Amino acid sequence: MEAYLIAISIGILIYMLMAVGLSLHYGFTGLVNFGHVGFFAIGSYASALLSMQGVPIPLAMLGATVLTTLAAYPLGIIALRLGSDYLAIVTLGFSESVRMMLQTEEWLTRGMHGLPGIPRLFAGWVPADQIDFWIMVSLLVVNVAVFWLVTRVIRSPFGRVIEAIRDNEVAVRALGKDPARFKTRSLMLGAALAGLAGAFQAHYLTFLSPEQFVPLITFYIWIAVFVGGVNRLTGVVLGTVILVGFLEGSRFVREFLGGISEVQMASVRIWVIGMALILIVLYRPQGVLGKSTKGGQS
């Protein structure tokens, strides 16, 4: 039971890093990013491949985070000058392009066979039966540091500008600011957090496959952000806990519903998640912890 709770906690903390990045994109800057999982995939594979070449895991994770940050730059330059609708389309296409590349470039990623033998974080540093616990602790520390950093960013002049861009981009442009430049920086910072989450995922699972990075993962993170509150970091915590709690808890529903196969149960879970998201958008669009406003986002 303890091992299961630790595994659930690790999943929550990895998703939480991604949700903070997406909250920075959408909740604080107004960017509609449907390809967040693409950055997650780049971080995972980059850290895994670097560590398998003998690079120490901490440096591999740092390198993967930097690479993911740089990967977001050209994406931002291209899409953010065209408008938010184009960004949604471009990011979705970007994430699928990344996944297709992971499938086809077998010389590098082993394609659909998957990438096994990834060095595990803390392996050789602590007893084998304590590795998961220390991964959970390290993720908790990283999340606390990230929340502190993002809070500082939001309260800084940069944070006030991106919030102004979210609320009225035309007014920001009239004041002589370049919204595209600020939105690109926001996109890169959020992508870095997704890449870091991916690096943790790689060194926790020790096996990667392109099918781990389907668009559904991005929409799970969207659900976490919407449920908690699109522009509240505390909402990110609550939303992620609710999301993972529901995903894991729904696995046990099949025990009480006779005659439903595992495949059918997967469809039921997706339906219930979709209905829950629709109800939240209809009756609590600002999220559980979000501030209710008459004119839009708070």
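Everything discussed here concerns the structure shown above.
Residues numbered from 1 in each chain as written. Predicted model: local features only at pLDDT ≥ 70, side-chain atom pairs only at ≥ 80, totals over all residues. Heavy atoms only, no water.

Caption draft 1: The overall build of the protein, seen in detail. On a plain count of helices and strands, the protein comes out with 12 helices and zero strands. In the protein, the succession of helices and strands from N to C terminus is α-α-α-α-α-α-α-α-α-α-α-α. Across the 298 residues in the protein, those meeting the buried criterion constitute 48%. In the protein, 78% of the contacts between residues at least 6 apart in sequence involve partners at least 24 apart. Working note: accessible area of the protein is about 14400 Å², and carbon and sulfur atoms make up 68% of it. (Helix = DSSP H or I, 4+ residues; strand = E, 2+ residues; numbered from the N terminus. Buried < 20%, exposed > 50% of the residue type's maximum accessible area, 1.4 Å probe, protein only. Contact = heavy atoms within 4.5 Å. Areas by Shrake-Rupley, 256 points an atom, 1.4 Å probe, with all protein chains shown as cover.)

Caption draft 2: Layout of the pattern of salt bridges. Throughout the structure, instances matching the rule amount to seven salt bridges. For the salt bridge of Arg120 with Asp132, the shortest nitrogen-to-oxygen distance reads 2.4 Å. On the criterion of sequence distance, the pair formed by Arg120 in the loop between helix H5 (106-109) and helix H6 (131-155) and Asp132 in helix H6 is long-range, its members being 12 residues apart. We classify Asp132 as partly exposed; its relative accessible area is 23%. With a closest N to O distance of 2.9 Å, Asp167 and Arg166 form a salt bridge. (Salt bridge = Lys/Arg side-chain N within 4 Å of Asp/Glu carboxyl O.)

Caption draft 3: Here's a closer look at helix H2 (residues 36-52). The first and last C-alpha atoms of H2 sit 25 Å apart over 17 residues, in line with the 24 Å expected at 1.5 Å per residue. H2 sits mainly inside the fold: 14 of its 17 residues count as buried. Downstream of H2 by a residue or two, Gly54 has a phi angle that is positive, lying close to 100°. (Expected span 1.5 Å × (residues − 1).)

Caption draft 4: Here's a closer look at the environment of His25. Within the fold, His25 resides in helix H1 (residues 2-27). We classify His25 as buried; its relative accessible area is 0%. Residues His25 and Leu187 lie 162 residues apart in sequence; the distance between their C-alpha atoms is 6.1 Å. Ignoring anything within four residues of it in the chain, the contact list for His25 reads Gly30, Leu31, Asn33, His36, Ser186, Leu187, Gly190 and Ala191.

Caption draft 5: The arrangement of helix H11 (residues 233-249) in detail. Over its 17 residues, H11 extends 24 Å from the first C-alpha to the last, a length consistent with the 24 Å expected when each residue adds 1.5 Å. Listed in full, the buried residues belonging to H11 are Leu233, Gly235, Val236, Gly239, Thr240, Leu243, Val244, Leu247 and Glu248.

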